[in-house]
Amino acid sequence: DAKTTQPNSMESNEEEPVHLPCNHSTISGTDYIHWYRQLPSQGPEYVIHGLTSNVNNRMASLAIAEDRKSSTLILHRATLRDAAVYYCIPGRGNMLTFGGGTRLMVKP
Amino acid sequence: GAGVSQSPRYKVAKRGQDVALRCDPISGHVSLFWYQQALGQGPEFLTYFQNEAQLDKSGLPSDRFFAERPEGSVSTLKIQRTQQEDSAVYLCASSRNHPGNTEAFFGQGTRLTVV
């Protein structure tokens, strides 16, 4: 599985956009890039995934670098409910390999 | 519809006791996973089922851990002779088909404390 590097923590103000980076320089050509988040005392929750093209859904956008060695999860307007640990997970196998993730704190 | 349901939500076991943790996946989901999450860490893979077949159990930490899904729906994770290092949150997830390109749905987990 590809190794990932994410900031341990980030801070954002409510109502502002947030860009969460992830480096995955050893990603293979067939790996998807998945993002999950985990709110306090909850199980992880799917956010978005993509392969090569940028992706948008109701929760977020995913921007994937042309060489696929990095990606950025974009929350367009952070809310207090977005405070969570965000995990970037490259892979296509039978398991999700979670790293340490980025703890996002949202200030009112 | 209902999401992934796990029971019990909390379990306290005395060291040496056997425990059984239950997972009810979303109806019709083919793939089922178990993860272990220690305090302050990301979840770590334990095992994977496709229907009733256990296709990957490479993450089970010892032979005290055993998982089954006999009819391809409900799954049970059993831990024999629990040790303090088994204290963690055990998460179950299911997905509609092969998980490589689809989302997994997680339960809220069972918090196991071994005293």
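Our subject is the structure that appears above.
A brief structural summary. (Residues numbered from 1 in each chain as written. Chains lettered and ligands numbered in written order. Predicted model: local features only at pLDDT ≥ 70, side-chain atom pairs only at ≥ 80, totals over all residues. Heavy atoms only, no water.)

1. Regarding the overall build of chain A
Threshold: By definition, any uninterrupted DSSP run of H or I lasting at least four residues is a helix, any uninterrupted run of E lasting at least two residues is a strand, and each is numbered from the N terminus. In this description the radius of gyration comes from C-alpha coordinates, and the expected globular size is given by 2.2 Å times residues to the power 0.38. A 1.4 Å probe rolled over the protein chains alone gives each residue an accessible area, and that area as a share of the maximum for its type sets the label: buried under 20%, exposed over 50%, partly exposed in between.
In terms of regular secondary structure, chain A is built from 0 helices and 9 strands. When its helices and strands are written in sequence order, chain A yields β-β-β-β-β-β-β-β-β. For chain A, the C-alpha radius of gyration of 13 Å lies close to 13 Å, the compact-globule estimate for 108 residues. By its C-alpha atoms, chain A is 40 × 25 × 20 Å across when sized along the principal axes. With 108 residues in all, chain A has 44% of them scored as buried.

2. Focus on the overall build of chain B
To keep it simple, the criterion reads: Here, two residues are considered to be in contact whenever any of their heavy atoms come within 4.5 Å of each other. When charges are tallied, Lys and Arg are placed among the positive residues and Asp and Glu among the negative ones, while His and the ends of the chain are skipped. Charge coordinates come from a single atom per side chain, which is NZ of Lys, CZ of Arg, CG of Asp or CD of Glu.
Helix and strand counts for chain B stand at 0 helices and 11 strands. Secondary structure of chain B in N-to-C order comes out as β-β-β-β-β-β-β-β-β-β-β. The C-alpha atoms of chain B give 13 Å as radius of gyration, which agrees with the globular expectation for 115 residues (13 Å, within 12%). Based on the C-alpha atoms only, the size of chain B along its principal axes is roughly 40 × 25 × 25 Å. Looking at chain B residue by residue over its 115 residues, the buried ones come to 47%. Of the contacts formed within chain B by residues at least 6 apart in sequence, a portion of 52% connects residues at least 24 apart. Of the side-chain charges in chain B, 12 are positive and 11 negative, and the distance between the mean point of each set is 7 Å.

3. Description of the sheet that holds strand β6 (residues 61–64) of chain A
Short version of the rule: Pairing between strands is defined by DSSP: at least two bridges between them are needed.
Strand order in this open sheet of 4 strands is β2-β7-β6-β5 (chain A), and the pairing throughout is antiparallel. Strand pairing shows two members of the sheet lacking a second neighbour, β2 (18–23) and β5 (55–56) of chain A, which therefore form its edges.

4. A look at the pattern of salt bridges
Residue and element names in this part refer to chain A. Basically, it comes down to this: Take a side-chain nitrogen of Lys or Arg and a carboxyl oxygen of Asp or Glu: if they are within 4 Å of each other, that pair is a salt bridge.
In the structure shown here, the tally under the stated rule is 7 salt bridges over all chains. The salt bridge involving R77 is made with E15; its shortest N-O contact spans 2.0 Å. Taken together, the positions of R77 in the loop between β7 (70–75) and β8 (84–91) and E15 in the loop between β1 (9–13) and β2 put the pair 62 residues apart, joining distant regions of the chain. Looking at R77, the relative accessible area reads 54%, which means it is exposed. Between E45 and R37 there is a salt bridge, and its shortest N-O distance comes to 2.9 Å. Among the residues examined, E45 registers a relative accessible area of 32% and is labelled partly exposed.

5. A word on unusual backbone geometry
Residue P8 of chain B is reached from S7 of chain B by a cis peptide bond, and omega for that bond is -5°. In this structure, P8 of chain B sits in the loop between β1 (5–7) and β2 (10–13). You will see that E15 of chain A, though not glycine, has its phi angle at about 75°, which is positive. Backbone geometry places R81 of chain B, a non-glycine residue, at a positive phi of 45°. Here R81 of chain B lies in the loop between β8 (75–79) and β9 (88–95).

6. Some words on the sheet that holds β8 of chain B
All names here are of chain B. Heads up, the rule is: As a rule, the C-alpha atoms of each element are fitted with a line to give its axis, helices using only the stretch in contact, and angles between N-to-C directions run from 0 to 180 degrees.
The 4 strands lie next to each other as β1-β3-β8-β7, forming an open sheet whose pairing is antiparallel. The sheet is open, and its two borders are formed by β1 and β7 (65–68), each paired with just one other strand. Taking each pair of neighbouring strands and ignoring which way they run, the sheet shows an average axis angle of 15°. Bridge count between strand β3 (residues 19–24) and β8: 5 bridges; the pairing is antiparallel. Bridged to C23 within β8 is S75.

7. Points about the environment of D82 of chain A
Relative to the helices and strands, D82 of chain A resides in the loop between β7 and β8. Beyond its immediate chain neighbours, meaning those up to four positions away, D82 of chain A contacts R37, L75, R77, L104 and V106 of chain A.

8. What to know about the packing of aromatic side chains
Keep this limit in mind: Put simply, two rings from Phe, Tyr or Trp (the six-membered ring, in Trp's case) pair if the centres are within 6.5 Å, and we call them stacked under 30 degrees between planes, edge-to-face over 60, tilted for the rest.
Inspection of every chain in the model, using the stated rule, returns 11 aromatic pairs over all chains. Ring geometry for Y36 of chain A and F106 of chain B: centres 6.0 Å apart, planes at 80°, overall edge-to-face. One end of the pair, Y36 of chain A, is in strand β3 (residues 32–38); the other, F106 of chain B, is in strand β10 (residues 105–106), on a second chain. The interplanar angle of 40° and the centroid separation of 6.5 Å between the aromatic rings of F65 of chain B and Y90 of chain B together place this pair among those described as tilted. Note that F65 of chain B is positioned in strand β7 and Y90 of chain B in strand β9, a separation of 25 residues in sequence. By relative accessible area, which is 5% here, F65 of chain B ends up buried. Classification of Y90 of chain B by relative accessible area gives buried; the value is 0%.

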